[in-house]
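# Notes for the structure review
Each chain, written out:
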Amino acid sequence: MKIMIEEFYQGELEEELGYTKCDYRNKDFNNSRNGYSSKKLKSSAGEIKVNVPRDRNGEYEPQVMKKHQNIIGEDLEVKIISMYAKRMTTSDIESHIEEIYGYQVSDSSITRITNKILPLVKEWQTRPLETVYPIVFMDAIHYHIRSEGQIVKKAVYIAIGISSSGEKDVIGMWVRENESAKFWLSKLNELKSRGVEDILIACVDGLTGFANAIEAVCPQTQIQQYIIHQIRSSTQFVSIKALIADLKLVYKASTEENMLLNLESFDEKWGKKYPKIAISWKNNWLRLSTYFKYPQEIRTLIYTTNTIEEYNRQLRKVTKTNQFFQQMIVY
């Protein structure tokens, strides 16, 4: 937020002066830059200290955060971020800025302001990562977006790492037409080129070939397939309460031995009528039962999709105001 607001200030000042920093050849009048003043802003993320540029003649009046204004509303934060993320047309951005700030800006000013953030986005996309992540969650969320006059479905690939200090970090976001193991393989190699040497536990869905892609890049990584995805697959066409209750005894077992016993009991009771359910659990057993190697606190973390779903909710919160996207930056 600090970087975005400061870049807005710079774009406004360039529009006011009529030339970019150090571009003295296009300077047609006597006014020029005159350093910065410091300003503290309050936001939902906490206090932010920003540098407000000044001009020598004192003619520049900040618009993004006016003089004596020091509170950034949550709605304003969301709109500033969404403006960059959605890459709207200049006319859309112009009306968007007018709605937020109550003043009109030219197309050239919008271009200056929005282009300021693009190098920062690229820098974030390629930033160095930690050498080892104890846990990495990988999944895809799907959106309908507008592309070349048509509504198409896109998959947003998301990789969230838990660092050695326990902090969550979105280590990658990419947009693709659909989810595939081949694309995940290319992005895992990209993470490796950015410094990731090893992942201890990779939490993934049941996408065919996904586990093989991870093992090709990080052969020592333990793979935990999301239990909830396996449950959804097992009960996709079955809504019998007794069956669901018996299946719960399988994945809620206290030990791997009890889980296997409960799975056998489930197969004996339901196998003749629904044979594919137990077969699917047995075929995926090695990747479904990884969590039994760890204490309960870690089990709950790695076999659920809570971490990914929490982040997806944040994405949907930002994007829910628009039914479709005009464009998306490909991360």
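This text follows the structure it describes.
Residues numbered from 1 in each chain as written. Predicted model: local features only at pLDDT ≥ 70, side-chain atom pairs only at ≥ 80, totals over all residues. Heavy atoms only, no water.

This paragraph deals with helix H1 (residues 2-17). Taking 1.5 Å per residue as the helical rise, H1 with its 16 residues ought to reach 22 Å, and the 23 Å between its terminal C-alpha atoms agrees with that figure. Burial analysis of H1 places 12 of its 16 residues in the buried class, the great majority of the element. Once H1 finishes, Gly 18 follows within two positions and takes phi at roughly 90°, a positive value. (Helix = DSSP H or I, 4+ residues; strand = E, 2+ residues; numbered from the N terminus. Expected span 1.5 Å × (residues − 1). Buried < 20%, exposed > 50% of the residue type's maximum accessible area, 1.4 Å probe, protein only.)

For the rest of this paragraph, the subject is unusual backbone geometry. A positive phi angle is found at His 68, which is not glycine, with a value near 70°. Residue position: His 68 is located in the loop between strand S2 (46-55) and helix H2 (74-86). A relative accessible area of 82% places His 68 in the exposed class.

Right, let's get into the pattern of salt bridges. Under the defined criterion, the tally for this structure stands at nine salt bridges. A salt bridge links Asp 169 to Arg 127, with the nearest nitrogen and oxygen atoms 3.1 Å apart. Of this pair, Asp 169 sits in strand S5 (residues 168-176) while Arg 127 sits in the loop between helix H4 (107-125) and strand S3 (132-147), and the two are 42 residues apart along the sequence. In this structure Asp 169 comes out as partly exposed when scored by relative accessible area, which is 26%. Here Arg 287 and Glu 215 are joined by a salt bridge, their closest N and O atoms 3.4 Å apart. With a gap of 72 residues between them, Arg 287 in helix H11 (residues 285-288) and Glu 215 in helix H6 (residues 210-217) connect regions that are remote in the sequence. Since its relative accessible area comes to 32%, Glu 215 is described here as partly exposed. Sharing partners across several salt bridges, the network here consists of Glu 264, Asp 267 and Lys 282. (Salt bridge = Lys/Arg side-chain N within 4 Å of Asp/Glu carboxyl O.)

Glancing now at the environment of Thr 290. With respect to the helices and strands, the residue Thr 290 is situated in the loop between H11 and helix H12 (296-303). A C-alpha to C-alpha distance of 8.9 Å links Thr 290 and Ile 201, two positions 89 residues apart in sequence. Excluding anything up to four places from it in sequence, Thr 290 contacts Gln 222, Ile 223 and Gln 224. (Contact = heavy atoms within 4.5 Å.)

The next subject is the packing of aromatic side chains. By the definition in use, this model includes seven aromatic pairs. Centroid distance Tyr 157 to Trp 184: 5.0 Å. Interplanar angle 65°. Geometry classified as edge-to-face. Placement of Tyr 157 in strand S4 (residues 150-162) and of Trp 184 in helix H5 (residues 181-193) is noted, with a sequence separation of 27 residues between them. Taking 5.0 Å as the distance between ring centres and 20° as the angle between the ring planes, the aromatic pair formed by Trp 184 and Phe 210 counts as stacked. With Trp 184 in helix H5 and Phe 210 in helix H6, the pair connects residues that are 26 residues apart, well separated along the chain. Look at Phe 210 and you get buried, because its relative accessible area is 0%. Clustering of aromatic rings is evident, with ring pairs tying together Tyr 157, Trp 174, Phe 183, Trp 184 and Phe 210. (Phe/Tyr/Trp six-rings, centres within 6.5 Å; stacked < 30°, edge-to-face > 60°.)

Attention now goes to helix H9 (residues 256-270). The end-to-end C-alpha distance of H9 is 21 Å, a good match for the 21 Å that 15 residues give at a rise of 1.5 Å each. Check the buried side of H9 and you find it contacts helix H8 (241-251), helix H10 (275-283) and H11.

On the secondary structure map, Ser 163 appears in the loop between S4 and S5. For Ser 163, a relative accessible area of 6% corresponds to the buried category. Within the local environment of Ser 163, its side chain forms a polar contact with the side chain of Ser 165, the two groups lying 3.0 Å apart. With near-sequence residues (within four places) excluded, Ser 163 lies in contact with Glu 130, Tyr 133 and Pro 134. (Polar contact = N/O pair within 3.5 Å; in protein donor to acceptor, adjacent residues only side chain to side chain.)

Scope: geometric values only; no functional claims are made or implied.
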